[in-house]
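Analysis of the macromolecular model
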Amino acid sequence: MPKAKKATKKFQKQHLKDVLERRKKTQKIKIGITNRKKQKSYRRENENFTESKGKDRIQENKPIRNLQENQAGDFVKNLDEMDLDDFFGSEGEGLTENEYPSDYSEPSKNESDELGNDDENCDNSEKAELNKNITKMRKQSVIGKSGSQHKEQLQALKEKDPKFYKYLQENDAELLDFDVSDDGLDDDDDYGSQDEYDDLENETLGSLEQGSVEAHKKETSQLLLTKEMVSTWQKSIIEKHSLRSLRRLLLAFRAGAHIDEDEDGVPYAYKITSPAVFNNLIVVCLKYVTDVFDHYLNYAEEDSKKKLPSANTKWKSIEPLVKSYLISLLHMLRNLSEDDMIYFVVKESEKSVPYYLCFPRLSRDYLKALLGLWASAQDKVRIISFLNIRKLGSTGSSHFIDTCLKGIYTTFVRYCKSTTVYTIPSINLMSNCGVEIYGLNFKASYQSGFVYIRQLAIHLRNSMLVKSKESYQAVYNWQFIHCLEFWSQVLATYCDQKYLAENGECQLQALIYPLVQVCLGVIRLIPTAQHFPLHFHCLRAMIRIIQKTGTFIPLAPHIFDILDSAEIHRKPKPSTLKSLDFTLNLKAPKNYLGTRIYQDGICEELVDIMLEYYGSFCLSIAFPELAIPAIVQLKRHIKKSKNSKFNKQLHHLVEKFEQNSKYIEQHRAQIEFAPNDRAKVETFMQNTDPDNTPLGSYVSAVRTLKIQRLRILKPENHN
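In short, a report on the structure. (Residues numbered from 1 in each chain as written. Predicted model: local features only at pLDDT ≥ 70, side-chain atom pairs only at ≥ 80, totals over all residues. Heavy atoms only, no water.)

**Description of the overall build of the chain**
Operational definition: Each helix corresponds to a stretch of at least 4 residues labelled H or I by DSSP, and each strand to a stretch of at least 2 residues labelled E; elements are numbered beginning at the N terminus. Per-residue accessibility, obtained with a 1.4 Å probe over protein chains only, is compared with the maximum for each type, and a residue is labelled buried under 20%, exposed over 50%, and partly exposed between these values. Whether two residues touch is decided by their heavy atoms; if any such pair falls within 4.5 Å, the residues are in contact. Note on areas: Shrake-Rupley with a 1.4 Å probe; residue coverage comes only from the protein chains shown.
Of regular secondary structure, the chain possesses 35 helices and two strands. Evaluated residue by residue, the chain yields a buried proportion of 48% over its 719 residues. Contacts in the chain between residues at least 24 apart in sequence constitute 74% of all its contacts with a sequence separation of at least 6. Accessible surface for the chain amounts to roughly 38,100 Å². Of this, 50% is attributable to carbon and sulfur atoms.

Put into structure tokens, the structure is as follows:
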């Protein structure tokens, strides 16, 4: 056998699975079309049910019976064992025309014997005919003809076959007392009338032929929904967990979810005209519908992490109702505009999260709707939306947690393009939420983090190679910087030394090195004074990792490059410009370059960053050696600089470095282990509070003053 070509292997690896799935879907659609044609033919022939009797009727319907006998199954076996009270009071009620079981068969021999005992005056041929007539009446009920058609057939039966009609009166009176209102359940064919849910409609309750749909619309009349009806259904589903009331409640809920779409001409089972009735309907559905589902599926909230409701054996019978409710809920969530209403719906929909996860497409659409609210709604709506997203991720499969992580990250990136004093709180909220959800599954988080950090590295590499204005802008923008800060927060949170001591090693630790390399590359890309604000953002992101993880990152060269820059040493120009906020800018405007206000801002940021960086190592056994180059560099700058204010700050900083070095040397003189004993080196002064050291206490005091100053300046910034 010849060896497969490389292109063939590539096709098999990348495309073969998708091609086979498309073929299966196409085949499934063709089978569905064929089945609908057979059902249409079946309905056309079945219209002659009441036009003849006896042997002629049996002969006319023989092709139909043969068609159904060829589609055998388990459904009708259970159906034959039911009496009519059970049939019309339970599962048969919710079936529509396209849910008609393809495996319908003739009554069993035992049933025929029972019928024979009930009518001793009938001979064998009449008994057989009666049995077949009852079978056909049951077929008509299961198929779900409209109430008016059913009554016309019964009236014709009374005129043409009074003997059989009398038999039904004596044995199956409920069949003759058919209530037209029960037929409203056929409206289940309209699940999710939006175009995007056409496939879901077909999966849930089937689709009617175009002509049948038009006839169905003409025959259906809307009922006015009242408070009494809703209260009755509410009482029934709470006390008895009635499926009949639940079905009607869901029909009304679907009408309520599409209340603003009456102009489309789509008929719904109920019409809602009162706002009070609408509010009552929404509250009842959101609070009690999932409880009924839980009751029939024996599902509890504690089981959410072990299994989904679809694992229950009764799932198939209740699935259409669940899907109807979820589609209507999702449609309503997308079209609400009032914040209080959105908050209530999202909060109550949390109980439906396990049911959404049973339907892959619906779960993705629900996640998409929640992400939209999480990104743009009010804070309380955003928080409750995030809680639902987190529940989706923690309850769903490992594949779905990947979808949640991707959705959270891409939404965050999309909405952090513009950073102002008004948008920064929203961006910080989204960043904190993203950090939390990345702690649900470290394996999935590592894979996601690896992909997106690598993406940042590719953008940086392209900028270094091409060296054009456009390539630089692909890196020097708020989206890129917010992504670096986001990943530094994730790694600082879950690679924290205390966290690792309690929970063991974390897979995310492997991402620290590539992220630091990207940050350092961004700093070196354009080392000009105009981009110092961006450099400070990158330095702070890496300092955050140092403080939490204890990882040593050599940032001193990049800090002192700024200290030795011409922007610091040149004589500044006087200016009346407003002080530049380095937290809200990545690039200094040209009119700020060389001015006193910009130089003072850089000096202030430098002092703050040096304090944070060296303060991270204030308990390190190697602090004296680490501080020597910094002390030498700062003293050299003080001698050359004429900026008295900045020199005073640096001189105070040198004093704290020297005091902390002596403090560490005193404790280091008392140890008895060698420097190569790594385990004991890491435990050196491990239980000492950093605030008890000279440098640590100074850093803590500076932080407190900075926070107080920001609180004072915050109202001014908004003004």
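This is not the end of the story, as more comes after the structure.
**Description of the packing of aromatic side chains**
Selection criterion: Any two rings among Phe, Tyr and Trp, with Trp reduced to its six-membered ring, count as a pair given centres within 6.5 Å; such a pair is stacked if its planes are under 30 degrees apart, edge-to-face if over 60, and tilted if neither. Lysine NZ or arginine CZ positioned within 6 Å of the ring centre and within 35 degrees of the ring normal marks a charge as sitting over the ring.
Counted by the stated rule, this structure contains 25 aromatic pairs. Through pairs of rings, three or more aromatic residues link up here, namely Tyr409, Phe412, Tyr438, Tyr452, Phe486 and Trp487. A cation over a ring is seen here: Lys380 above Tyr343, with NZ or CZ 5.3 Å from the ring centre.

**So, the environment of His459**
Tracing the backbone through its elements, the reader meets His459 in helix α23 (residues 442-466). Note: C-alpha distance between His459 and Tyr472 (13 residues apart in sequence) is 9.1 Å. Once residues within four sequence positions are removed from consideration, His459 is found in contact with Val475 and Phe480.

**Thoughts on the pattern of salt bridges**
To keep it simple, the criterion reads: Each reported salt bridge corresponds to a side-chain nitrogen of Lys or Arg within 4 Å of a carboxyl oxygen of Asp or Glu.
Per the counting criterion, the structure on display carries 16 salt bridges. Two residues, Arg540 and Glu605, come together in a salt bridge whose shortest N-O distance is 2.7 Å. On the criterion of sequence distance, the pair formed by Arg540 in helix α28 (residues 532-549) and Glu605 in helix α31 (residues 596-615) is long-range, its members being 65 residues apart. Here Asp600 ties to Arg596 by a salt bridge, and the two come within 3.9 Å at their closest N and O atoms. With Asp600 and Arg596 both in helix α31 and four residues apart, the pair spans about one turn of that helix.

**With respect to the packing of helix α13 (residues 227-239) against helix α15 (residues 275-297)**
What counts is decided by this rule: To obtain each axis, a line is fitted to C-alpha atoms, and for helices this fit is confined to the stretch in contact; angles are then taken between N-to-C directions over 0 to 180 degrees. Roughly parallel means an angle under 35 degrees; roughly antiparallel means over 145; roughly perpendicular covers 65 to 115; every other angle is labelled oblique. Each residue gets one label: Ala, Val, Leu, Ile, Met, Phe, Trp, Tyr, Cys and Pro are nonpolar, Asp, Glu, Lys and Arg are charged, and the others, such as Gly, are polar.
Relative orientation of the contacting elements α13 and α15 amounts to 10°, with a least axis distance of 10 Å. By the angle between their axes, α13 is roughly parallel relative to α15. Seen from α13, the contacting residues are Lys227, Val230, Ser231, Gln234, Ile237 and Ile238; seen from α15, they are Ala276, Val277, Asn280, Leu281, Val284, Tyr288 and Val292. Within the contact of α13 with α15, the residues separate by chemical class into nine nonpolar, three polar and one charged.

**As for the nonpolar core**
Cut-off, in case you're wondering: Only buried residues count toward a nonpolar core, which is a set of Ala, Val, Leu, Ile, Met, Phe, Trp, Tyr and Cys residues joined through side-chain atoms within 4.5 Å.
Core analysis: the biggest nonpolar cluster contains 165 residues, and Phe293, Tyr325, Leu484, Trp487, Val522 and Leu555 have the highest contact counts within it. Dropping the residues within four chain positions of it, Val522 is found in contact with Leu460, Val475, Tyr476, Phe480, Leu484, Leu534 and Cys538.

**So, a nonpolar patch on the surface**
Worth spelling out the cut-off: Here the term patch refers to residues with relative accessible area over 30% and no salt bridge, with like charges joined within 9 Å and nonpolar side chains (Val, Leu, Ile, Met, Phe, Trp, Tyr) within 5 Å.
Taken together, the side chains of Phe11, Leu16 and Leu20 define a hydrophobic patch exposed on the protein surface, amounting to about 230 Å² of accessible area. With respect to the helices, strands and loops of the structure, Leu20 is situated in helix α2 (residues 16-46). You can call Leu20 partly exposed: its relative accessible area is 40%.

**Brief notes about helix α25 (residues 478-494)**
Let me state the cut-off plainly: The span expected for a helix works out to 1.5 Å for each residue beyond the first. Polar contact criterion, stated in full: a pair of N or O atoms within 3.5 Å, where within protein one must be able to donate a hydrogen and the other to accept it, and residues adjacent in sequence count only if both atoms are side-chain atoms.
Here α25 spans 24 Å end to end across 17 residues, near enough to the 24 Å set by a 1.5 Å rise per residue. For α25, the buried fraction is high: 14 of the 17 residues fall into the buried class. Between the side-chain oxygen of the N-cap and the backbone nitrogen of Gln479 there are 3.1 Å, and the N-cap of α25 in question is Asn477.

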